[in-house]
Amino acid sequence: MLDVALSFAVILVVFLALPLIVGQTEHKVMAHMQSRLGPMYAGGFHGWAQLIADGVKFAQKEDVIPAAADRRVFMIAPGVALVPYLVVLIAIPFDRDFVAVDLSLGLFFVLAVMGVGVLGSIMAGWASANKYSVLGGMRSAAQLMSYELPLVLAAASVAMAAGTLSLPGIVEAWQWWWLPWQAVGGVVFFVAGLAELRRPPFDMPIAESEIIMGPMTEYTGMRFALFMLAEYAGIVVLSFLTTVLFLGGWHGPFLPGWLWTLVKVFALAFVVIWLRVTYPRLREDQLQKLAWAVLVPLALFQLALTGVVKVLV
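What counts and what doesn't
Residues numbered from 1 in each chain as written. Predicted model: local features only at pLDDT ≥ 70, side-chain atom pairs only at ≥ 80, totals over all residues. Heavy atoms only, no water. Salt bridge = Lys/Arg side-chain N within 4 Å of Asp/Glu carboxyl O. Helix = DSSP H or I, 4+ residues; strand = E, 2+ residues; numbered from the N terminus. Buried < 20%, exposed > 50% of the residue type's maximum accessible area, 1.4 Å probe, protein only. Axes fitted to C-alpha atoms, helices over the stretch in contact; angles between N-to-C directions. Parallel < 35°, antiparallel > 145°, perpendicular 65-115°, else oblique. Left-handed = near helix turned anticlockwise from the far one by under 90°. Contact = heavy atoms within 4.5 Å. Nonpolar A, V, L, I, M, F, W, Y, C, P; charged D, E, K, R; others polar.

Participant: When you look at the pattern of salt bridges in this model, what are you seeing that I'm missing?
Facilitator: Tallied over the entire structure, the rule returns 7 salt bridges. A salt bridge links R199 to E26; the shortest N-O distance between them is 2.4 Å. Here E26 lies in helix α1 (residues 2-33) and R199 lies in the loop between α8 (183-196) and α9 (208-211), a separation of 173 residues in the sequence. Under the relative-accessibility criterion, E26 is labelled buried at 1%. D285 serves as the salt-bridge partner of R283, at 3.0 Å between the closest nitrogen and oxygen. For D285, a relative accessible area of 46% puts it in the partly exposed group. Linked through salt bridges whose partners overlap, the residues forming this network are E26, R199, E231 and R276.

Right under this line is the structure:
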């Protein structure tokens, strides 16, 4: 019982700390890439406490619920968007000897639970009694339906290669030559995951120049902050899953396994930030075409390649 309690305590700390670190990193990396300083004084060195100041600001804001809103659904939507990412972390291995729950169907579990998080945006849009929010929620649903297929197909190729659906089992089976072998699937998985998180350049459900803030338009204060936290928690979870499935998880020389996992996670989080700064937002037709005309065929190619290699080897 003590080991279980300690494992869940560590996961809770990771869940609360890593999204905030990624959020602060995004602010600073974007500022440097776009040649602007941004806030540099909060807390002293490089404005390290700016994110804390933002949290205090959100806590002080009034919690407003529109008169025509479905109050119950409106209030629980931020939790529906955030909590699934905490549940997913329970099944992700940080090291060979550290995983809170080793599920035999762990891959199916994490993919299914990640899809639940998108329901928070749909609920928020529908309950807000705002046409822009409803439009953003419907766009979220369309993206989930389009990008879930290539995401699952890419993950299935790794499960086929490893011969197991257990996440620790996949990492144990991983070999260095999987990097080129599963590279196409890794790119498809990562891009589809970004689209499900509605991160730029796949942020059509937000598109503040068109529909204000999409499903979150009517949210204020801490409820809005929970949606922001859910976005960064999603980045952390996507980076963890990509690391575990395609980059070998804790495998690496010299450093402890858990440290290798974190290094790979932060490297992928940096790529997420880099893509946001680099590429403009896709149009809705371009977004759907990328999923069905590019990612799905690539995922099927990776699946067929994996089958051929498994038969020959």
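This is not the end of the story, as more comes after the structure.
Participant: Please explain the packing of α1 against helix α3 (residues 71-89) as it appears in this structure.
Facilitator: For any two helices packed against each other, one specifies the inter-axial angle together with the distance between the axes. Here α1 crosses α3 at 135 degrees, and the two axes come no closer than 10 Å. Taken together, α1 and α3 sit at an angle that is classed as oblique. In the packing of α1 onto α3, the handedness of the crossing is right-handed. Counting all contacts with α1, which are made through I11, V14 and F15, the residues of α3 involved are L82, Y85, L86 and L89. Considered class by class, the residues forming the contact of α1 with α3 number 7 nonpolar, no polar and no charged.

Shape is all these values report; function is a separate question.
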